[in-house]
Amino acid sequence: MNNYNAFCVCWCVLFGIVMSASEFTDEEYYHLPDLYHLDDYTKCLSQKQGLYCLGTFELSPAEEQSPVFDLIKVYSENPHHFNRTIIQRGWCVSSRSLRTEAEPVRRFTKCGQDWARSRGMNARLLKLEYCRTHDEAKTPNASDLPERVFLCAIICILIFNVIGTAYDLWKGNEENKNKILMAWSMPSNWSRLTSSLSNEDPRLSCLAPFQGARVIVMTLVLWGHVFFSHALVYLQNPRDYEKSLHGVIGALVYNGTSIVQMFVIFSNFLCAYNLLLPSNKKPLTLSMFPKQIVKRYSRITPMNLLLVGYGATWWVHSRDGALWPVLVGNEKIFCEQKFWSHALYINNFYMPENVCFIQTWFLAVDMQLHILALILTLCLAKHRRHALRILGSLFVLSCAGLSLMVYLNNYSTLLQIAEPDNARTMLRNKPSFYEMYVNPFNSLPACLMGLFLAHLLYELQENGYKFHECKWLKYSHALMIPLYILWLFCGIYFRELKSNIDTALFIGLDRLLFCSIFAVKLMGFTTIQSRARKFFSWRGWDVFARMSLSVMMIHWVVNVTIVAARPTRTFTSFIDVSIDAAATIVFTYIMAAPATILVEMPMQRFLDNFTR
Ligand SMILES: *[C@@H]1O[C@H](CO)[C@@H](O)[C@H](O)[C@H]1NC(C)=O
């Protein structure tokens, strides 16, 4: 099949999906009982007798013939629809049932039964999230030990910053300032964040377009996460979410999760490239391994633990609302339980189905692969002549291995399991997510490709290869982003793959293709002048790119804080997701700047003093 045909197939499939989504008429659709309902939480709990409960009911027909239930059943049989036999309710029980003597859960159950009976159905309480009374809501929580520890940590960090800044101001322009104290100086860290030092070494300045790419991709990731978060809250128009999930947006977002691999390529590329550059003067040996690991650990861990710590302690007290105890309360428990595994970067293996911040799997995988990348780079230093061949073969092998792993375990791609009912539990029920997607093997091809590219670029630069004379690279690298977008669109076709072997082949192929597309792009970007390169190397990106770690850690808190405390059901659409995403991005960067200056940078510089 040539390219043109493939393109047509994609569009025809797309068109077919849009057409088949409208099989239920509006009239029929609105006979279905609401999937979600929220009573006014604040109003309810303001009353002395107030009792608010939130939970999930399962509906069943009361008599043999129940037209409403038949409709529900037909609607729910479509996997691209929410299962409407399961309804979610946040009810002010005290104003719905006047019997005050029974216990809260009983009263809530009774409310559900009464509600269902009037519609010719039965309701069974499937899962109770919580019941809250006026008294419980009004008594302030006493802070527990972890909360006090967290507060102390914050205060200590602030005090250090004050001391460092005072020292810096006091010393003025003197030379030979104390390095340990200067690490905590706010003005010094601020200028580090905002400085636009150009690199003298052309081999380093050629990496400038990475910064723009990082920021733009991070923005896309944030948009995607806001889209995910809309599936977690109570929606006013779940049907529109179903449509967008099954339409082009869903395919692009879920197929586009592969873009995270770009960060893996970058990270391992930089790791190897930065080791290789000075290797002429200072040969690489395995004895450098511990220092490199400690360096990386001390760079990432303070920010990581700060946010996981916040999630485990104060986050839940920062706002309130009907959905808040469910969304944030549960995440708090996971963060508490998994805190130590985050510190050791094994949170993707320890209780992987209980996620504390969806983005943290990446830090764990990145650290695990970093260890491998370091060992490989240091070992290959002695066999430089074979390095490219070895890394290239390992890359192909890892793609094949990934396919095999998917085949043997019957996994699916995220694209295939992106159904409404999975989205509303954040894929917690799917091993394809919590075993396979967050597994380092899933990102291994990208890691090896990063190493391969670092060796290739270094080798070519050493030999004085003239990149601008390479016509092939010049023209092909410009086509790579359109090609990737086309590949994302083809997700519309690939998510219909049913058989296990097709899925396995698709995953292997996806990695192979993504990494190759990216390899060409990266080689072209680093070595050939173009207008796009200029845009991505703009100095302004530097500032935002330096905040990447903070942004990555903070954005989920901001996102959930925005959507989970809404007093009413959320209206979702492309525009509404974009508005929430815009708010998330703006507030994330506003908070990332102080986090970077007050925590990340000083901690890194402070700890660097001990790893010299
Ligand atoms: C919907 O959920 C109910 C209750 O869990 C289950 O019995 C039923 O099989 C589900 N329907 C579909 C189509 O998945």
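One structure accompanies this document, and this report is about it.

Cut-offs used in this document
Residues numbered from 1 in each chain as written. Predicted model: local features only at pLDDT ≥ 70, side-chain atom pairs only at ≥ 80, totals over all residues. Heavy atoms only, no water. Disulfide = S-S within 2.5 Å. Helix = DSSP H or I, 4+ residues; strand = E, 2+ residues; numbered from the N terminus. Buried < 20%, exposed > 50% of the residue type's maximum accessible area, 1.4 Å probe, protein only. 1 Å grid on protein atoms, 1.4 Å probe; cavity = no way out; pocket = protein on both sides within 12 Å on 5 of 7 lines; lining within 4 Å. Points joined across faces, edges and corners; volume = space filled by probe spheres on them. Nonpolar A, V, L, I, M, F, W, Y, C, P; charged D, E, K, R; others polar. Bend = angle between axes of the 7 residues up to and from the residue.

The next subject is the state of the cysteines. Using the criterion set out here, one finds 3 disulfides in the structure. Between the sulfur atoms of Cys-53 and its disulfide mate Cys-131 the distance is 2.0 Å. Classification of the bridge connecting Cys-53 and Cys-131 rests on its S-S torsion, roughly 110 degrees, and on that basis the disulfide is right-handed. With Cys-53 in strand 2 (residues 51–61) and Cys-131 in strand 4 (residues 121–133), the pair connects residues that are 78 residues apart, well separated along the chain. Neither residue differs from the other here; Cys-53 and Cys-131 are each classed as buried. Sequential numbering of the bridged cysteines in the chain gives the disulfide pattern 1-3, 2-4, 5-6. Sulfur of Cys-152: no disulfide; nearest cysteine sulfur belongs to Cys-156 and is 6.2 Å away. With relative accessibility at 47%, the residue Cys-152 sits in the partly exposed group. Here Cys-399 stays free of any disulfide, with the sulfur of Cys-515 as its closest cysteine sulfur at 6.1 Å.

Take unusual backbone geometry next. Positioned with a positive phi, Met-351 is a non-glycine residue whose angle comes to about 45 degrees. Examined against the element boundaries, Met-351 turns out to sit in the loop between helix 17 (324–343) and helix 18 (360–380). Even without being a glycine, Asn-410 presents a positive backbone phi close to 65 degrees. Mapped onto the elements, Asn-410 comes out in the loop between helix 19 (384–409) and helix 20 (414–417). Classification of Asn-410 by relative accessible area gives exposed; the value is 55%.

Inspection of the entire model under this criterion finds 3 cavities of 30 Å³ or more. Put simply, the largest cavity is a space of about 190 Å³. Along its surface, the largest cavity is lined by 17 residues, and Thr-257, Thr-413, Leu-414, Asp-510 and Arg-511 are the ones closest to its centre. Residue assignment for the lining of the largest cavity shows that the elements contributing at least two residues are helix 14 (248–255), helix 20, helix 22 (431–437) and helix 27 (500–527). The biggest single contributor to the lining of the largest cavity is helix 27, with 4 residues. Here the residues of the lining of the largest cavity sort into 7 nonpolar, 8 polar and 2 charged. Here the second largest cavity is characterised by a volume of approximately 80 Å³. Forming the boundary of the second largest cavity are Lys-338, Asn-347, Asn-348, Pro-352, Asn-354, Val-355, Ile-358, Thr-360, Trp-361, Phe-433 and Val-438. Its residues placed into classes, the lining of the second largest cavity shows 6 nonpolar, 4 polar and 1 charged.

The largest bend in helix 17 amounts to roughly 50 degrees and is located at Gln-337. Of all 20 residues making up helix 17, 14 are buried, and the element is well covered by its neighbours. Positive phi shows up at Tyr-345, right after helix 17, with a value of about 60 degrees.

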